[in-house]
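Understanding the architecture of this molecule
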Amino acid sequence: MDSTESTAAVESAEQFWERHYRTHRDWGTRVNPPLAETAAPLLPGTALDLGCGAGGDAVWLAQRGWHVTAVDISATAVERLRERARRLGVADRVTATQHDLAGGFPPGRFDLVSAQYFHTPFPLLRTHVLRAAARSLRPGGLLLIVDHGSTAPWSWNQDPAHHFPTPEEVAADLGLDPARWPVLRAETARRRATGPAGETATVVDNVLLIQSTAGLLRPTTGTERPDAEEH
């Protein structure tokens, strides 16, 4: 058992992440590159940021006209996001809430749901949460899941035997109907990243992008009834 696992054994999830964000005060204030790449060409709408941390993604989206619901188990992270949103003049477009996703999914319908590095050393039905995220999308909405594909020097999980599921494995585990939630992107990308103490390293991102097509109009064929409803 490594030091992180030992800590996890005596702390609750909330205590663990509270300690994390109190220790790393500037951590999480920059937008994650895979989110910026995905959202930059989109028209602003409603977004949900799962495990928002200090809110770099939420603020970046709000500055571009999105209305963002941001949730995190850490009250410190949520309050830091609220303060930053007020300071940058986007508080009216950011709703930040302390929320434990192990206890339920936030209400609402969204054009974009972002799950950036949605990992924890504590029990969490991650697949259940991500399926709920897919179901919360409006027609045409996007679910962006970005997972760690490598261990950075600053990662809380330093287990050398840890398996990082590929985007294809994550998609298969979700088991979503590909006719209603097709995969638009499933790939691995390398980038240079900066850690909480300013250190840098090359890391691997596993990127999965899923779209909700439920309710979208489709061209009809001679064998389809134009007025038929899908169930």
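In the block above lies the structure referred to throughout.
Heads up: these notes are all about the structure in this document. None of the values given here were measured: they were computed from a predicted structure.

1. Quick notes on the overall build of the protein
Secondary structure summary: the protein contains seven helices and seven strands in total. Overall, the protein shows an N-to-C arrangement of helices and strands of α-α-α-β-α-β-α-β-β-α-β-α-β-β. The burial tally for the protein puts 41% of its 231 residues in the buried class. Sequence-distant contacts, at least 24 apart, represent 70% of the contacts inside the protein between residues at least 6 apart. For the protein, the exposed area adds up to about 12,300 Å²; of that, 52% sits on carbon and sulfur atoms.

2. As for the packing of helix H4 (residues 56–63) against helix H5 (residues 75–87)
Contact geometry of H4 with H5 gives a least axis separation of 10 Å together with a crossing angle of 25 degrees. When the axis of H4 is compared with that of H5, the two are roughly parallel. The way H4 lies across H5 gives a crossing that is right-handed. Here Gly56, Ala58 and Val59 of H4 come into contact with H5, specifically with Leu81, Arg84 and Ala85.

Basis of the calculations
Counting of residues starts from 1 at the beginning of each chain's written sequence and follows it residue by residue. Reporting of local features is limited, given that this is a predicted model, to residues whose pLDDT is at least 70; pairs of side-chain atoms are given and counted only at 80 or more, and all residues count toward the totals for whole chains, interfaces and linings. Water and hydrogen atoms play no part in the side-chain values, which are based on all heavy atoms of the structure. Runs of H or I in DSSP of at least four residues are treated as helices and runs of E of at least two as strands, each being numbered from the N terminus. Only protein chains enter the accessibility calculation, which uses a 1.4 Å probe; a residue is then buried when its area is under 20% of its type maximum, exposed when over 50%, and partly exposed in between. Note on contacts: a residue pair qualifies if any of its non-hydrogen atoms lie within 4.5 Å across the two residues. Each accessible area is a Shrake-Rupley result for a 1.4 Å probe, and residues are judged covered by the shown protein chains and nothing else. Each axis is a line fitted through C-alpha atoms, taken for helices only over the stretch in contact, and angles between the N-to-C directions span 0 to 180 degrees. Note on terminology: angles under 35 degrees are roughly parallel, angles over 145 are roughly antiparallel, angles of 65 to 115 are roughly perpendicular, and the others are oblique. Should the near helix be turned anticlockwise from the far one by less than a right angle, the crossing is left-handed, and should it be turned clockwise, the crossing is right-handed.

On their own, these measurements won't tell you what the molecule is for.
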